[in-house]
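Examination of the molecular architecture
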Amino acid sequence: MTRQRALRRGVGVAAVASALVVGTALPATAGVMTGVTGGTGVTGVTGVTGGSSHGGSGHGGTRTAMDAAVRTEGLPGMIATVREGHDSWTTAIGTADTTTGQPRSTRERFRIGSVTKMFVATVVLQLQAEGRLDLDDTVDRWLPGVVSGNGNDGSAITVRQLLNHTSGLFAYDDDPGMAAVLFTPQFLSRRYDTYTPEQLVRIAVSHPPVFTPGAKREYSNTNYILAGMIVAEVTGHPYGTEIERRIIRPLGLGGTSVPGTGTATAVPRPHARGYSKLFGGSPTPLDTTELNPSMAGAAGEIISTTDDLTRFLSALMRGRLLPQAELDEMLTTEGPGGLGIGGGTLSCGVAVWGHDGGIHGSSTLALTTRDGRHSVAFNTNADWFTGKFELAEAEFCG
């Protein structure tokens, strides 16, 4: 991953031959056991709730893949939650704090990076279902004059093209000045800088478009900054307020929050320390737990838990958040693919949908089957993890 792709890096599984394209981006249990797993020397806890037919060992392949990833990639730790129907399985390995040796916990909250985009796209589709906007509205319809100059034209870009990354807009985090702030040691002194969505868009449109709108698909965080701005324009509320009202509260996602632009630089407790190599900008891990997430905004600022992410995905696929027409549109496999989400087929023939995300000190993967009956979320408190496809294969293919 290049430094410029850090916040954009959405799905490490996307480049595999299985054609799993999930998007590309800039991310109290019963029966708990504690011990050393598989002779790896990685300590952790494993639990199962709801009388899962898998018991405590049915996800052994997943646990083994997690152990291998932590060891081979030098990750501090990893956590996971699997939800199958009313049953769940959860596990934590490695350390939350490399200084104190505190172990990771499945209760921890973490930054989910570009997994945020699934939440944003869901709200936009809800607004379409309510007749308050249309995916074929132009950006200028809602944000007149915001996307203009240097060949950029908001009247030629639709809301749909923002959600499926076919707008052609330059990614603001590819701007050389912004990349220096985000992906070099300069980040340590600039991590608390505040950016408004308007500032991030101005950085993007200071560059010509990468291609003509609709000509192809290329991931750009600028798209979701604009989508968040459109939600605010349509509703009169910040996009985060709409996510809280429409998704977080109805689903009871108690570990999920949207920090918003401002001074919310900490992750709510309990949380692990987050370690970053600045996406290639540092040879050694740096503690980047605290940062101002406005640098990611609607493209990647949400904080959540593995349990909440599996609840969200299950609810989404079961139609609790979108009418059937909008859900089908979100999950389209024609043309450039899904809206805020991607899907594909694993080696064993299982089709999965979801997203992954990376942000300084955190990498997350959230996947589900189309019926929402089998969902999984992984998080590692490091941003250099590349083995997400192996985790997906281990969980869904065994």
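Quantities reported herein were computed from a predicted structural model and do not represent experimental measurements.

A closer look at the overall build of the chain
- A tally of regular secondary structure across the chain gives twelve helices and 14 strands.
- Total accessible area computed for the chain in this model is approximately 14200 Å², and 51% of it derives from carbon and sulfur atoms.

Some points on the environment of Glu 393
- Its location among the elements puts Glu 393 in helix α12 (residues 388-397).
- Taking the relative accessible area as the measure of exposure, Glu 393 reaches 14% and is therefore buried.
- Excluding its chain neighbours within four sequence positions, the residues that come into contact with Glu 393 are Leu 346, Ser 347 and Gly 398.

So, the packing of aromatic side chains
- Tallied over the full model, the rule gives two aromatic pairs.
- Considering the side-chain rings of Phe 119 and Phe 312, the 4.0 Å spacing of their centres and the 10 degrees angle between planes classify their relative orientation as stacked. One end of the pair, Phe 119, is in helix α2 (residues 116-129); the other, Phe 312, is in helix α10 (residues 306-317), and 193 residues separate them in sequence. The pair formed by Phe 119 and Phe 312 is uniform in burial state, with each residue classed as buried.
- Relative to Phe 279, the ring of Phe 183 has its centre 6.0 Å away and its plane inclined at 80 degrees; by these criteria the two rings are edge-to-face. Here Phe 183, found in helix α5 (residues 176-183), pairs with Phe 279, found in the loop between β8 (275-276) and β9 (286-287); they are 96 residues apart in sequence, far enough to count as distant. An identical accessibility class is assigned to Phe 183 and Phe 279; each is buried.

Some remarks on the pattern of salt bridges
- Per the counting criterion, the structure on display carries 15 salt bridges.
- Arg 63 is the salt-bridge partner of Asp 67, the closest N and O atoms lying 3.9 Å from each other. One end of the pair, Asp 67, and the other, Arg 63, are both in helix α1 (residues 60-73), four residues apart, so they sit about a helical turn from each other. For the residue pair Asp 67 and Arg 63, the accessibility class agrees, reading buried in each case.
- We note a salt bridge from Glu 242 to Arg 245, for which the minimum N-O separation is 3.0 Å. Of this pair, Glu 242 and Arg 245 both sit in helix α9 (residues 239-251), three residues apart, which is roughly one turn of the helix.
- Since its relative accessible area comes to 42%, Arg 245 is described here as partly exposed.
- A cluster of three or more residues bridged by salt bridges with shared partners is formed by Glu 130, Arg 132, Glu 242, Arg 245 and Arg 246.

Overview of the nonpolar core
- Phe 119, Ile 243 and Phe 312 are the most contacted members of the largest nonpolar core, which totals 76 residues.
- Residues within four places of Phe 119 in sequence aside, it is in contact with Ile 112, Ile 243, Ile 247, Leu 253, Ile 302, Leu 309 and Phe 312.
- Listed in part, the 25 residues of the second largest apolar core include Trp 89, Trp 384, Ala 392 and Ala 394.

Some remarks on the pairing of strand β13 (residues 362-369)
- Of all eight residues that make up β13, eight are buried, and the element is covered over most of its length.
- Bridge count for strand β12 (residues 351-359) against β13 is eight bridges, and the pairing is antiparallel. When the bridges of β13 are listed, Ile 359 appears paired with Ser 362.
- Remark: two residues form the turn of the hairpin made by β12 and β13, two consecutive strands paired antiparallel; Gly 361 in that turn has positive phi of roughly 85 degrees.
- Pairing between β13 and strand β14 (residues 374-380): six bridges, direction antiparallel. Following the sheet pairing, Ala 366 is matched in β14 by Ala 377.
- With antiparallel pairing between neighbouring strands as the criterion, β13 and β14 make up a hairpin whose turn holds four residues, including Gly 372 at a positive phi of roughly 75 degrees.

The rules behind the values
- Residues numbered from 1 in each chain as written.
- Predicted model: local features only at pLDDT ≥ 70, side-chain atom pairs only at ≥ 80, totals over all residues.
- Heavy atoms only, no water.
- Helix = DSSP H or I, 4+ residues; strand = E, 2+ residues; numbered from the N terminus.
- Areas by Shrake-Rupley, 256 points an atom, 1.4 Å probe, with all protein chains shown as cover.
- Buried < 20%, exposed > 50% of the residue type's maximum accessible area, 1.4 Å probe, protein only.
- Contact = heavy atoms within 4.5 Å.
- Phe/Tyr/Trp six-rings, centres within 6.5 Å; stacked < 30°, edge-to-face > 60°.
- Salt bridge = Lys/Arg side-chain N within 4 Å of Asp/Glu carboxyl O.
- Core = buried A, V, L, I, M, F, W, Y, C linked by side-chain atoms within 4.5 Å.
- Pairing = 2+ DSSP bridges.

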